[in-house]
Amino acid sequence: MKLDGILSGKTIIIMGVANKNSIAWGCTQAILDQGAKVILTYQNDRIKKSLDRLVDDSIALVECDVSEDENIEKAFSQIEEQYGKVDGIVHAIAFADKETLEGGVLNTKKDGYNLAQDVSAYSFIAVSRYGAQIMNETGSIVTLTYFGSTRAIPNYNMMGIAKAALESSVRYLASDLGERHIRVNAISAGAIKTLAVTGIKHHRDLLKESQSRTVDGENVKTSEVGNVAAFLVSDLASGVTGDIIYVDKGVHLI
Ligand SMILES: NC(=O)c1ccc[n+]([C@@H]2O[C@H](COP(=O)([O-])OP(=O)(O)OC[C@H]3O[C@@H](n4cnc5c(N)ncnc54)[C@H](O)[C@@H]3O)[C@@H](O)[C@H]2O)c1
């Protein structure tokens with residue numbers, strides 16, 4: 001563990017590592033590099049098997065399927081009991097079923113809408129609520145969003161609607177938690193090939209188009225997103241809250 005990093009002495013929970021390509025894994029490495037102790041939460045046994053191959057005993061693993069509030073409450077109280085208070089949380093979780101994602105927004109059914117909003121946006125509110133209860137006096141909560149929240153990106157569909165709700169939640173939660181000195185922000189990452197992205201119809205076109213629009217013609221890397229997450233959970237970002245920080249190599253601007 002690095003003693004002179006910007007996160008030395010801090011404990012950070014990271015939610016949403018599925019494999020080594022996950023954005024959350026880029027965050028894990030960057031946050032470890034800055035000296036924090038890391039606790040990973042995982043969705044289910046299948047994901048745990050993949051994590052067991054990725055991490056050693058220095059990283060604690062705690063199960064947390066965010067589709068039920070009780071699971072989040074239970075996971076966080078287990079974390080507090082075993083590891084004490086935490087200083088930050090990175091929420092890198094989203095889901096929409098294939099039919100909903102592929103069907104277009106016009107054909108979105110209530111069940112598909114609710115599921116996507118529940119896992120991708122509401123879970124961030126619940127994570128912030130229960131997470132704030134186990135945080136040290138100053139804390140920082142970060143989520144991951146995408147540009148499809150403000151633009152109609154081809155095939156992003158229902159996930160864009162969920163990301164819009166997520167980004168709005170960031171602003172309200174920052175306001176609610178401000179008095180407790182807990183900051184809430186989102187990173188809007190550029191397109192990266194991960195498991196989640198392969199659920200989007202024609203995702204190769206999305207990745208190619210996005211790459212062609214970056215300033216240097218290369219897609220952003222999970223390590224670059226991770227470095228910004230490390231900054232946001234650190235005290236260096238004490239003046240940043242309620243914000244959406246773009247880590248997309250200029251795609252949303254140019
Ligand atoms: N990959 C991109 O291009 C991109 C761009 C911008 C934002 N994002 C966002 O980054 C975040 C991480 O996604 P990723 O691209 O790294 O993909 P990923 O597939 O590696 O990670 C998604 C994670 O969500 C978890 N998850 C889904 N349902 C869950 C549930 N019910 N309970 C607990 N965990 C659950 C999965 O287990 C997985 O670990 C997502 O919010 C995604 O929308 C991704």
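The rules behind these values
- Here, residues in each chain are numbered from 1, in the same order as that chain's written sequence.
- Owing to the predicted nature of the model, reporting of local features is limited to residues with pLDDT of at least 70; listing and counting of side-chain atom pairs is limited to 80 or more, with chain, interface and lining totals taken over all residues.
- For side-chain calculations, the full set of non-hydrogen atoms in the structure is used, while hydrogens and water are omitted.
- Secondary structure elements are defined from DSSP: runs of H or I of at least 4 residues count as helices, runs of E of at least 2 residues count as strands, and each element is numbered from the N terminus.
- What makes two residues a contact is simply this: any of their non-hydrogen atoms within 4.5 Å.
- Basic side-chain nitrogens of Lys or Arg form a salt bridge, by our definition, when they fall within 4 Å of a carboxyl oxygen of Asp or Glu.
- In this scheme, a residue with accessible area under 20% of its type's maximum is buried, one over 50% is exposed, and one in between is partly exposed, where area comes from a 1.4 Å probe on protein chains only.
- What makes a residue near a molecule or strand is one non-hydrogen atom of that residue sitting within 4 Å of it.
- Definition of a polar contact: a pair of N or O atoms within 3.5 Å, with one able to donate and the other able to accept a hydrogen when the atoms are protein atoms, and with sequence-neighbouring residues admitted only if both atoms are side-chain atoms.
- Each accessible area is a Shrake-Rupley estimate made with a 1.4 Å probe; only the visible protein chains count as cover when residues are assessed.
- Just so you know the grouping, Ala, Val, Leu, Ile, Met, Phe, Trp, Tyr, Cys and Pro go in nonpolar, Asp, Glu, Lys and Arg go in charged, and all remaining residues, Gly too, go in polar.
- Each pair of strands is called paired provided DSSP finds at least two bridges between the two strands.
- All axes here are fitted lines through C-alpha atoms, helices being fitted over the stretch that makes contact, and every angle between N-to-C directions spans 0 to 180 degrees.

Caption draft 1: Seen up close, the environment of N21. Residue position: N21 is located in the loop between β1 (11-15) and α1 (23-33). Expressed as a C-alpha distance, the spacing of N21 and T222, which sit 201 residues apart in the sequence, is 7.5 Å. Look past the residues within four positions of N21 in its chain and what remains in contact with it is K193, T194 and T222.

Caption draft 2: Structural context of the pattern of salt bridges. Evaluated as defined, the whole model comprises seven salt bridges. Residue K48 pairs with D52 through a salt bridge whose shortest N-O separation is 3.2 Å. Placement of the pair is K48 and D52 together in helix α2 (residues 45-54), with a separation of four residues, close to one helical turn. Judged by its relative accessible area of 25%, K48 is partly exposed. Judged by its relative accessible area of 43%, D52 falls in the partly exposed class. Its salt-bridge partner being R129, residue D69 comes within 3.2 Å of it at the nearest N-O pair. One end of the pair, D69, is in helix α3 (residues 69-83); the other, R129, is in helix α5 (residues 110-132), with 60 residues separating them in the sequence. Residue classification places R129 among the partly exposed positions, given a relative accessible area of 34%.

Caption draft 3: Structural detail: the site of the ligand. The immediate surroundings of the ligand are formed by 28 residues, with S22, Q43, K163, I192 and T194 found nearest. In this structure, an oxygen atom belonging to the ligand sits 2.9 Å away from a main-chain N or O atom of G16. Note that an oxygen atom of the ligand is positioned 3.4 Å from one of the backbone N or O atoms of I93. Computed on the free molecule, the ligand has an accessible area of 820 Å², of which 93% lies beneath the protein chains in the complex. Among the residues forming the shell around the ligand, the class breakdown is 19 nonpolar, seven polar and two charged.

Caption draft 4: Representation of the sheet that holds strand β3 (residues 60-63) within the structure. Strand order across the open sheet formed by seven strands is β3-β2-β1-β4-β5-β6-β7, with parallel pairing between neighbours. Sheet topology places β3 and β7 (244-247) at the edges, where each strand pairs with a single neighbour. The average undirected angle you get between the axes of adjacent strands in this sheet is 20 degrees. The sheet contact formed by β1 and strand β4 (residues 86-91) spans four bridges and is parallel. Following the sheet pairing, M15 is matched in β4 by H91.

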